[in-house]
Amino acid sequence: MTYRARRFAALAAFALTAGLSLAGCSQQPSAERPPLEGAQIGGPFTLVDKSGKTVTWDSFKGRWRIVYFGYTFCPDACPLDVQSLMGGFSRFEKSHPPQAAKVQPIFITIDPARDTPEVVGEWTAAFSPRLLGLTGTQAQVDQAAKAFAAYYKKGEVTSDGGYLMDHTRIAYLMDPDGKPVAMLPIDRKPEAVEAELAKWVK
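Because the structure is predicted, anything quoted here is derived from the model rather than measured. (Residues numbered from 1 in each chain as written. Predicted model: local features only at pLDDT ≥ 70, side-chain atom pairs only at ≥ 80, totals over all residues. Heavy atoms only, no water.)

**Observations concerning the sheet that holds strand β3 (residues 64–70)**
Sheet strands pair via backbone hydrogen bonds, and the direction of the pair is either parallel or antiparallel.
Inference 1: Read across the sheet, five strands follow the order β5-β4-β3-β8-β9 without closing on themselves; strand pairing throughout is mixed. Single-partner strands in this sheet number two, and they are β5 (132–134) and β9 (180–183). Between one strand axis and the next, the sheet turns by 25° as a mean value, whatever way the strands run.
Inference 2: In this sheet, strand β4 (residues 103–109) lies alongside β3 in parallel orientation, the contact comprising seven bridges. Bridging from a neighbouring strand, V67 pairs with I106 of β4.
Inference 3: Packed onto the sheet, helix α6 (residues 190–200) meets β3, β8 (171–174) and β9 and runs at close to 160° relative to β9. (Pairing = 2+ DSSP bridges. Helix = DSSP H or I, 4+ residues; strand = E, 2+ residues; numbered from the N terminus. Axes fitted to C-alpha atoms, helices over the stretch in contact; angles between N-to-C directions. Contact = heavy atoms within 4.5 Å.)

Now the structure itself:
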């Protein structure tokens with residue numbers, strides 16, 4: 001074997017050995033942790049659906065949940081948010097049917113004085129039959145909002161009796177144990193919501 005051949009063989013052997021050593025020492029990247037992991041968000045509540053049936057937080061045990069607080073008389077923000085949310089969820093249903101079947105989207109009103117079970121039911125049905133609308137007494141709504149750190153405040157009443165509600169605009173994704181996972185990007189296009197759901201819901 002010539003000197004050149006011996007040198008090439010030695011280099012090749014060194015590269016192989018080094019490669020194996022590096023491969024042995026390298027670590028697989030750990031799975032990304034949920035952004036809201038450990039956050040004190042979510043908790044017991046008792047509300048009613050469109051038919052007046054009592055619904056509690058434990059009613060969804062074992063299922064992924066999306067929770068959004070808003071009100072049906074909202075002139076712009078809520079319709080836009082829910083349209084983006086359910087548009088993304090609809091895309092997710094088509095691209096990931098088995099995973100989507102495990103998810104329950106929930107709309108909880110912050111304006112129970114006007115949002116009766118019937119009103120909430122009709123409003124949510126306009127976006128998707130999969131969207132569950134919930135309401136209740138003011139005390140029940142207050143309890144639910146507090147559990148999810150949802151802020152809201154009634155605005156000034158106009159001469160015709162109307163008013164607006166100032167409120168947070170967050171759609172929480174909760175895991176099957178009721179623990180917070182992430183905030184869905186409802187301020188973006190439905191594709192972004194679909195991608196975020198696909199990232200976490202397994």
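Structure's up, so let's keep going.
**What about the pattern of salt bridges?**
Inference 1: Applying the stated rule across the entire model yields seven salt bridges.
Inference 2: D81 is paired through a salt bridge with R169; the nearest N and O atoms lie 2.8 Å apart. Of this pair, D81 sits in helix α2 (residues 77–95) while R169 is found in the loop between β7 (165–167) and β8, placing the two residues 88 residues apart along the sequence.
Inference 3: Here R169 falls in the partly exposed class, since its relative accessible area comes to 45%.
Inference 4: The closest approach of N and O atoms between R130 and E93, which form a salt bridge, is 2.8 Å. Of this pair, R130 sits in the loop between α4 (117–125) and β5 while E93 is found in helix α2, placing the two residues 37 residues apart along the sequence.
Inference 5: Look at E93 and you get partly exposed, because its relative accessible area is 27%. (Salt bridge = Lys/Arg side-chain N within 4 Å of Asp/Glu carboxyl O. Buried < 20%, exposed > 50% of the residue type's maximum accessible area, 1.4 Å probe, protein only.)

**Considering empty space enclosed by the protein**
Inference 1: Scanning all chains against the criterion turns up one cavity of 30 Å³ or more.
Inference 2: Around the largest cavity sit F69, F148, A149, A150, T168, I170 and Y172, which together line it. (1 Å grid on protein atoms, 1.4 Å probe; cavity = no way out; pocket = protein on both sides within 12 Å on 5 of 7 lines; lining within 4 Å. Points joined across faces, edges and corners; volume = space filled by probe spheres on them.)

**Comments concerning unusual backbone geometry**
Inference 1: Positive phi values are uncommon outside glycine, yet A149 reaches one of about 55°.
Inference 2: Relative to the helices and strands, A149 is located in the loop between α5 (138–147) and β6 (152–154).
Inference 3: A149 gets classed as exposed once you look at its relative accessible area, which sits at 52%.

**A look at the side chain of S84**
Inference 1: Here S84 lies in helix α2.
Inference 2: A polar contact is formed between the side chain of S84 and the backbone oxygen of R188, at a distance of 2.9 Å.
Inference 3: When neighbours within four sequence positions are excluded, S84 is seen to be in contact with P185, I186, R188, K189, P190 and V193. (Polar contact = N/O pair within 3.5 Å; in protein donor to acceptor, adjacent residues only side chain to side chain.)

**Digging into the confidence of the model for the protein chain**
Inference 1: When the pLDDT values of the protein chain are averaged, the result is 89; 85% of them are 70 or greater.
Inference 2: Segment residues 1–30 is flagged for pLDDT under 50; beyond a separation of four residues in sequence, or across chains, it makes one contact in the model. (pLDDT = per-residue confidence, 0-100.)

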